[in-house]
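Descriptive structure summary
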Amino acid sequence: MDWSQFLIFVGVGLLAQLVDGALGMAYGVVSNAVLLALGLPPAVASATVHTAEIFTTGVSGGAHALFGNVDWKSFRRLAIPGVIGGVIGAWFLASVPGDTIKPFVYAYLLILGVVVLVRAAGKVVSHHRVRHKGILGFVAGLLDAIGGGGWGPIATSTLLARGGAVRHTIGTVNAAEFVVTLAISTTLIAHMGVQHWPIVLGLLTGGVIAAPLAAWLVRHLPPRYVMVAVGCLIVGISLYQLGNYVLR
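For clarity, every value in this text was computed on a predicted model and none was experimentally measured.

Note on placement: Asp20 falls in helix H1 (residues 3-23). Residue classification places Asp20 among the buried positions, given a relative accessible area of 2%. Sequence separation of Asp20 and Ala94 is 74 residues, and the distance between their C-alpha atoms is 25 Å.

Turning to the side chain of Thr56, a few remarks are in order. On the secondary structure map, Thr56 appears in helix H3 (residues 42-66). Not counting residues up to four positions away in its chain, the partners in contact with Thr56 are Gln17, Tyr27, Leu203, Leu204, Gly207, Val208 and Ala211.

Here we take up the environment of Pro212. With respect to the helices, strands and loops of the structure, Pro212 is situated in helix H9 (residues 197-220). Residue Pro212 is classed as partly exposed on the basis of its relative accessible area, which comes to 38%. If we skip the residues at most four places from it in the chain, Pro212 touches Val59, Ala63 and Phe67.

Let us look at helix H6 (residues 133-147). Working note: α-helix, 3.6 residues per turn, so residues spaced by three or four point in the same direction. Here H6 spans 21 Å end to end across 15 residues, near enough to the 21 Å set by a 1.5 Å rise per residue. The complete set of buried residues in H6 reads Lys133, Leu136, Gly137, Ala140, Gly141, Leu143, Asp144, Ala145, Ile146 and Gly147. Backbone geometry just downstream of H6 places Gly148 in the positive-phi region, at approximately 75°.

Each packed pair of helices is defined by two parameters, the angle between the axes and the distance between the axes. Packing of helix H2 (residues 27-37) against H9 brings their axes to within 13 Å, and their N-to-C directions diverge by 150°. In the crossing of H2 with H9, the sense of the turn from one axis to the other is right-handed. Contacts from Tyr27, Ser31 and Leu35 in H2 reach Ile199, Leu203, Leu204 and Gly207 in H9. Here the residues of the contact of H2 with H9 are counted per class, giving 5 nonpolar, 2 polar and no charged.

Attention shifts here to the packing of H3 against H9. Packing of H3 against H9 brings their axes to within 8 Å, and their N-to-C directions diverge by 20°. By the criterion of interaxial angle, the relationship of H3 to H9 is roughly parallel. Handedness of the H3/H9 crossing: right-handed. When H3 is examined against H9, the residues Thr48, Thr51, Ala52, Phe55, Thr56, Val59, Ser60, Ala63 and His64 are found in contact with a partner set consisting of Trp197, Ile199, Val200, Leu203, Leu204, Gly207, Val208, Ala211, Pro212, Ala215 and Val218. Here the residues of the contact of H3 with H9 sort into 14 nonpolar, 6 polar and no charged.

Residue placement: Ser238 occurs in helix H10 (residues 223-246). Judged by relative accessible area, which is 0%, Ser238 ranks as buried. At a separation of 3.4 Å, a polar atom in the side chain of Ser238 contacts the main-chain amide nitrogen of Leu110.

One pair of aromatic rings is described through two measures. These are the centre distance and the angle between the planes. All chains considered together, the criterion is met by 1 aromatic pair. Judged by centre distance (5.2 Å) and plane angle (70°), the ring pair of Trp72 and Phe75 falls under edge-to-face. Placement of the pair is Trp72 and Phe75 together in helix H4 (residues 72-95), with a separation of 3 residues, close to one helical turn. We classify Trp72 as partly exposed; its relative accessible area is 45%.

Bringing a nonpolar patch on the surface into the picture now. Taken together, Ile80, Ile84, Ile88, Ile135, Phe138 and Val139 make up a surface patch of nonpolar side chains, about 520 Å² in accessible area. Contributing elements (two or more residues each) for the nonpolar patch: H4 and H6. Checked against the element boundaries, Ile135 lands in helix H6.

On to the confidence of the model for the chain, then. Residues with a pLDDT of 70 or more make up 91% of the chain, whose mean pLDDT is 81. Averaged pLDDT values over the elements of the chain bottom out at 76 in helix H5 (residues 102-120) and peak at 92 in H4.

Cut-off values and rules
Residues numbered from 1 in each chain as written. Predicted model: local features only at pLDDT ≥ 70, side-chain atom pairs only at ≥ 80, totals over all residues. Heavy atoms only, no water. Helix = DSSP H or I, 4+ residues; strand = E, 2+ residues; numbered from the N terminus. Buried < 20%, exposed > 50% of the residue type's maximum accessible area, 1.4 Å probe, protein only. Contact = heavy atoms within 4.5 Å. Expected span 1.5 Å × (residues − 1). Axes fitted to C-alpha atoms, helices over the stretch in contact; angles between N-to-C directions. Left-handed = near helix turned anticlockwise from the far one by under 90°. Nonpolar A, V, L, I, M, F, W, Y, C, P; charged D, E, K, R; others polar. Parallel < 35°, antiparallel > 145°, perpendicular 65-115°, else oblique. Polar contact = N/O pair within 3.5 Å; in protein donor to acceptor, adjacent residues only side chain to side chain. Phe/Tyr/Trp six-rings, centres within 6.5 Å; stacked < 30°, edge-to-face > 60°. Patch = residues over 30% accessible without salt bridge, like charges linked within 9 Å, V, L, I, M, F, W, Y side chains within 5 Å. Areas by Shrake-Rupley, 256 points an atom, 1.4 Å probe, with all protein chains shown as cover. Salt bridge = Lys/Arg side-chain N within 4 Å of Asp/Glu carboxyl O. pLDDT = per-residue confidence, 0-100.

Written as structure tokens, this is what we have:
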């Protein structure tokens, strides 16, 4: 891969992390979509993205902690079950093709995206917070490993849709993502190794550059604007992916 291709992946990583750090989602989804479009198998694409995410989520989580965006009690409730789910999902992905489950994931995300948009309009969908964050973390980790991305969309969307504070929800989910990503990457690398180091380096370089700026943005952007952006992003990605599945 020449320098021009490397710079393209730096740009992909920068854009993906800027969105992920500010909105709490989409680094894996954006990066994985690009790699799948290039023809990489789902397991290889997931391993490549998660290896890069070890570094980007580490910087992003540290930046959110520095800016006071992390609720450490919720962090533990999400991260520990998330690691368990991520390891199981990574093992499953290395053994079975993961594409079959994607339509169900995106249908779920589409519903959540609509719920988030309704709440952004000023209507509280539910007054009840998520009580079982451990179950949410487990499911998000499992689907993140299988789909090559999804921790942020599932965890952030669910918490925001059920009344979570924007700043601390995004900061906490980003910080927990580092631990979950490390577990998923270790499992996938143990099964198949890392086959595309230039892509990994490009993605993580762009992501590391963008992570501190994204953490600063989520501290200063108005919550409603962030909610609208989150909802539109989820709905757009979900509709696009479901449309591709139907048209196959």
